[in-house]
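So you can see what is in the structure, the chains are spelled out below.
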Amino acid sequence: MQPTLLILAAGMGSRYGGVKQLDQFGPNGETIIDYSLFDAIRAGFGKVVFIIREELRQDFEEVFAGKLAGKMDVDYAIQALDSYVPEELGEVNRTKPWGTGHAMLCAKNHTQTPFAVINADDFYGLEAFQLISNFLTTDTDDQLHAMVGYEVKNTLSENGSVSRGVCEVAENGNLISVIERTKIYEQENGAADKKIVFEEGGNLTTLEPNTPVSMNFWGFKPSVFPLVLHQFESYAIANIDSPKAEFYIPTVMSNLIQTDTGHCKVFRSQSAWFGVTYPEDKPVVQAALKHLHDEGAYPTQLW
């Protein structure tokens, strides 16, 4: 059975200043999602589920439905503010989506196969899709999931801080812990003394350049959904009055590991990663994609 690809595309793009999920970056006006879809098809994925806000559905259908016809099945999951929130909590008083873990949960009824989860605005490379696809189509342990890890030094932006899931990995390659750090950047103390740090509560902590981080490329078995639902309901009850609280996929995975209800294999990808957080990142991504076309990694026309 071919795996399914879930694309997290309901974010507000507050730092970017627009709907970066549909912005054009490739030499022929391609979105970053176009490259993920192209690589996913090459790696054997049979279906894509776009996890979006309701107001984006028509735009996504116009951009992707036609080019994917006959290549992979297409579905849409809506991440609404009240999705899977316990009814006894009443009206949800927030404008910000509940986060990536909640977004994944919103695809629960659209996904029957093992599945991967990615960000809409990150370029991962073909190798990453092949690694996860091979895992999802060959591993039969319902409690073993997976992620693709990248070295933190290769995931920074020159234009500001970034959020990353900082990972600790055991000798057997399984994830010990992943903690979402929301303000990681390179601190310049001098030309020869640059340190990567994360900031939290006013304190700075140094990260080694090769520290593995999650770029939200995960592989899950569908048996995970009841566990995620239980986690989110508890989270929503505890945070219903916190309009900026977010339920992240790393939170999901950490809970699975801590409760011994799931484990995670970490694959190290050598593929290039780049993404878009700030408007100033756009020309960097455009140049990187043009280079990939020029060297033959992608055809002149994707579709």
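A. Looking closely at the packing of helix α1 (residues 32-43) against helix α4 (residues 126-138). As a packed pair, α1 and α4 sit with axes 9 Å apart at the nearest point and diverge in direction by 45°. The angle between α1 and α4 places the two elements in the oblique class. Regarding α1 and α4, the two cross each other, and that crossing is right-handed. Residues Ser36, Asp39, Ala40, Arg42 and Ala43 of α1 form the contact with α4, whose own contacting residues are Leu126, Phe129, Gln130 and Ser133. Broken down by class, the residue content of the contact of α1 with α4 amounts to four nonpolar, three polar and two charged.

B. Molecular detail of the pattern of salt bridges. One pass over the structure, following the stated rule, counts 12 salt bridges. Note that lysine 47 and aspartate 75 form a salt bridge whose closest N and O atoms lie 3.8 Å from each other. Of this pair, lysine 47 sits in strand β2 (residues 47-52) while aspartate 75 sits in strand β3 (residues 73-78); the two residues are 28 residues apart in sequence, bridging distant segments of the chain. Judged by relative accessible area, lysine 47 falls into the buried class, the value being 18%. For the salt bridge of glutamate 61 with arginine 57, the shortest nitrogen-to-oxygen distance reads 2.9 Å. In this pair, glutamate 61 and arginine 57 both sit in helix α2 (residues 57-68), four residues apart, roughly one turn of the helix. Arginine 57 sits in the partly exposed class, given a relative accessible area of 29%.

C. Local environment of the pairing of strand β7 (residues 162-169). Looking at chain direction, β7 and strand β8 (residues 175-188) are connected through seven bridges and run antiparallel. Directly across from valine 166, in β8, lies its bridge partner isoleucine 179. The loop that links β7 with its antiparallel partner β8 comprises five residues; one of these, glycine 173, has a positive phi angle of about 90°. Of the strand pairs in this sheet, β7 and strand β11 (residues 212-220) are connected by two bridges, and their pairing is antiparallel. From the neighbouring strand, valine 166 faces β11, where its bridge partner is valine 213.

D. Highlighting the nonpolar core. With 43 residues, the main nonpolar core has Ile7, Leu37, Phe45, Phe50 and Phe60 as its most contacted residues. In terms of residue count, α4 provides more of this core than any other element does, five residues in total. Excluding residues that lie within four positions of it along the chain, isoleucine 7 makes contacts with Ile33, Leu37, Val48, Val49, Phe50, Ile51, Ile118, Asn119 and Ala120. Of all hydrophobic cores here, the second largest spans 36 residues; its members include Ala77, Val92, Phe115 and Ala236.

E. Summary view of the side chain of threonine 111. Looking at the secondary structure, you find threonine 111 in the loop between α3 (100-105) and β4 (115-119). At a separation of 3.0 Å, a polar atom in the side chain of threonine 111 contacts the main-chain carbonyl oxygen of alanine 107. Filtering out sequence-adjacent residues up to four positions away, threonine 111 remains in contact with Thr4, Leu6, Val49 and Phe225.

F. Main features of the packing of aromatic side chains. Summed over all chains, the structure comprises 23 aromatic pairs. Ring geometry for tryptophan 98 and phenylalanine 232: centres 5.4 Å apart, planes at 85°, overall edge-to-face. Here the residue tryptophan 98 occupies a position in the loop between β3 and α3, and phenylalanine 232 occupies one in helix α5 (residues 225-239), the gap between them amounting to 134 residues. Considered together, tryptophan 98 and phenylalanine 232 belong to a single accessibility category, that of buried residues. Note on phenylalanine 115 and phenylalanine 225: the rings are 5.0 Å apart at their centroids and 10° apart in plane angle, and the pair reads as stacked. Remark: phenylalanine 225 occurs in helix α5 and phenylalanine 115 occurs in strand β4; sequence separation between them is 110 residues. Comparing phenylalanine 115 with phenylalanine 225, the two get one shared label, buried.

G. How the structure looks around unusual backbone geometry. Positive phi outside glycine occurs at asparagine 216, with the angle close to 60°. Secondary-structure assignment places asparagine 216 in strand β11. When its relative accessible area of 11% is taken as the criterion, asparagine 216 is described as buried. The backbone of aspartate 260 sits at a positive phi, close to 60°, despite the residue not being glycine.

H. Main features of the packing of α1 against α2. Their axes nearest at 12 Å, the elements α1 and α2 cross at an angle of 30°. Classified by the angle between their axes, α1 and α2 sit roughly parallel to one another. When you trace α1 past α2, the crossing you get is right-handed. Together, Ile33, Asp34, Leu37 and Ile41 of α1 and Phe60, Phe64, Lys67 and Leu68 of α2 make up the contact between the two elements. Of the residues assigned to the contact of α1 with α2, the class counts are six nonpolar, no polar and two charged.

Here is what the cut-offs are and how they apply
Residues numbered from 1 in each chain as written. Predicted model: local features only at pLDDT ≥ 70, side-chain atom pairs only at ≥ 80, totals over all residues. Heavy atoms only, no water. Axes fitted to C-alpha atoms, helices over the stretch in contact; angles between N-to-C directions. Helix = DSSP H or I, 4+ residues; strand = E, 2+ residues; numbered from the N terminus. Parallel < 35°, antiparallel > 145°, perpendicular 65-115°, else oblique. Left-handed = near helix turned anticlockwise from the far one by under 90°. Contact = heavy atoms within 4.5 Å. Nonpolar A, V, L, I, M, F, W, Y, C, P; charged D, E, K, R; others polar. Salt bridge = Lys/Arg side-chain N within 4 Å of Asp/Glu carboxyl O. Buried < 20%, exposed > 50% of the residue type's maximum accessible area, 1.4 Å probe, protein only. Pairing = 2+ DSSP bridges. Core = buried A, V, L, I, M, F, W, Y, C linked by side-chain atoms within 4.5 Å. Polar contact = N/O pair within 3.5 Å; in protein donor to acceptor, adjacent residues only side chain to side chain. Phe/Tyr/Trp six-rings, centres within 6.5 Å; stacked < 30°, edge-to-face > 60°.

Function cannot be inferred from these measures alone, as they are strictly geometric.
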